[in-house]
Each structure stands twice: as structure tokens, then as C-alpha cells.
Amino acid sequence: KPPAVKRDPRATNYIQINSRFDKITMYHKLEAIRKDQNSNDINIIVFGTHLGTYEFINFLINHKIPPQFITLVIPWDAKSRESCIKYNISNMDMNIEMILQGMVEDLGVKVEAHWILKKWIYYYNEKIISHAAFENYPNGTLMTMACDLFVSFHPHIISTELVDCE
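This section reports on the structure supplied with the text.

1. As for the pattern of salt bridges
- Scanning all chains against the criterion turns up three salt bridges.
- Across the pair Glu55 and Lys23 runs a salt bridge, and its minimum N-O distance is 2.9 Å. Taken together, the residues span a long stretch of sequence, with Glu55 in helix α2 (residues 50-62) and Lys23 in helix α1 (residues 20-36) at a distance of 32 residues.
- Residue classification places Lys23 among the buried residues on the basis of a relative accessible area of 9%.
- Two residues, Glu135 and Lys118, come together in a salt bridge whose shortest N-O distance is 3.7 Å. Remark: Lys118 occurs in strand β4 (residues 110-122) and Glu135 occurs in strand β5 (residues 129-136); sequence separation between them is 17 residues.
- For Lys118, a relative accessible area of 33% puts it in the partly exposed group.

As C-alpha cells, this is what we get:
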């Protein structure tokens with residue numbers, strides 16, 4: 001019998017969206033957060049780009065999440081950008097992403113572009129993210145954002161060993 005794989009415990013308010021089931025799971029986590037705290041102040045970070053990211057923001061807004069609770073953080077990922085331009089990958093179309101970015105901004109979603117996730121700041125002695133820290137590419141500006149729910153559309157699962165997209 002092979003030894004069990006030791007997994008790095010992920011934060012309870014982090015979710016990676018890969019399927020409709022993940023989206024439903026996330027919605028139940030969000031409902032629990034809304035019941036647990038003052039629902040006038042929820043900070044949802046949606047980390048990603050590509051069409052699924054924007055579809056998810058639409059899902060949140062259609063399920064009565066006010067757009068001002070949502071921040072779209074578009075990661076800097078040189079490799080993805082180069083391959084999408086080089087190979088014209090349809091689900092990574094840069095032109096449509098610019099249009100969708102403008103659409104979510106018009107709805108009231110805050111958009112931050114070209115950020116590299118550097119670290120999570122946890123609540124004391126808990127695996128719950130309180131803040132997410134980012135670094136801007138190329139100027140190196142640092143940004144820390146309050147985080148009640150971190151939803152990732154990054155192509156890799158992010159754990160305490162963060163993925164650096166340089």
C-alpha cells in the first residue's frame with residue numbers, strides 16, 4: 001500500500017473553480033460568510049482572466065452579490081499572454097477579455113490588472129485568509145487587499161507555496 005500523500009491544507013476561504021460543482025460549493029461558502037458576518041462588507045477577490053472568470057462574476061451578480069463586493073485581480077502571466085497571442089487560443093482571446101473587463105467595470109466591479117500574488121495573510125492560528133498581498137508588474141508596487149473569499153481561476157492550484165507567474 002503506497003503512503004498517503006501529504007497535502008498542504010488550503011485556506012477555508014480559498015476555492016479553485018474548475019467545474020460547476022466548484023461554483024456551487026463556492027456559493028455555499030459565500031452564503032455561510034454572509035450569515036456569519038455583516039453582509040454590508042464582504043470582500044471577494046476573483047483572481048484570474050479568461051472567459052470563465054467573467055462568467056463567474058456574472059454568476060455572482062446574478063445571485064444578488066453587489067458588484068462593489070467583488071474585485072477582479074488580473075494576474076500577470078507572461079507565458080499565457082505570449083502563447084495566446086502566438087497561437088490565437090480562443091478561450092484566451094486578449095481582445096474579448098478587454099471588452100469583458102470594461103463590461104464588469106461598468107457594472108461596478110473593481111478591476112486591478114497585472115498583479116502577481118505574493119502572499120496570503122492569515123488570521124491568527126487559523127487557515128483563513130484575512131488579506132492577499134500582490135505585486136504589480138512591471139513597476140513593483142505592492143497592494144494588500146482584505147479578503148473574505150478568494151476565488152481562483154489561475155491554471156494552477158495555489159497553496160501556501162504561491163505560484164509566481166514571472
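2. So, unusual backbone geometry
- The omega torsion across Tyr137 and Pro138 is 10°, close enough to zero to call that bond cis.
- The topology assignment puts Pro138 in the loop between β5 and β6 (142-146).
- Even without being a glycine, Lys64 presents a positive backbone phi close to 70°.
- Inspection of the secondary structure assignment puts Lys64 in the loop between α2 and β3 (70-75).
- Its relative accessible area of 65% is what places Lys64 among the exposed residues.
- The phi torsion at His114 lies on the positive side, around 70°, for a residue other than glycine.
- Here His114 is to be found in strand β4.

What counts and how
- Residues numbered from 1 in each chain as written.
- Predicted model: local features only at pLDDT ≥ 70, side-chain atom pairs only at ≥ 80, totals over all residues.
- Heavy atoms only, no water.
- Salt bridge = Lys/Arg side-chain N within 4 Å of Asp/Glu carboxyl O.
- Helix = DSSP H or I, 4+ residues; strand = E, 2+ residues; numbered from the N terminus.
- Buried < 20%, exposed > 50% of the residue type's maximum accessible area, 1.4 Å probe, protein only.

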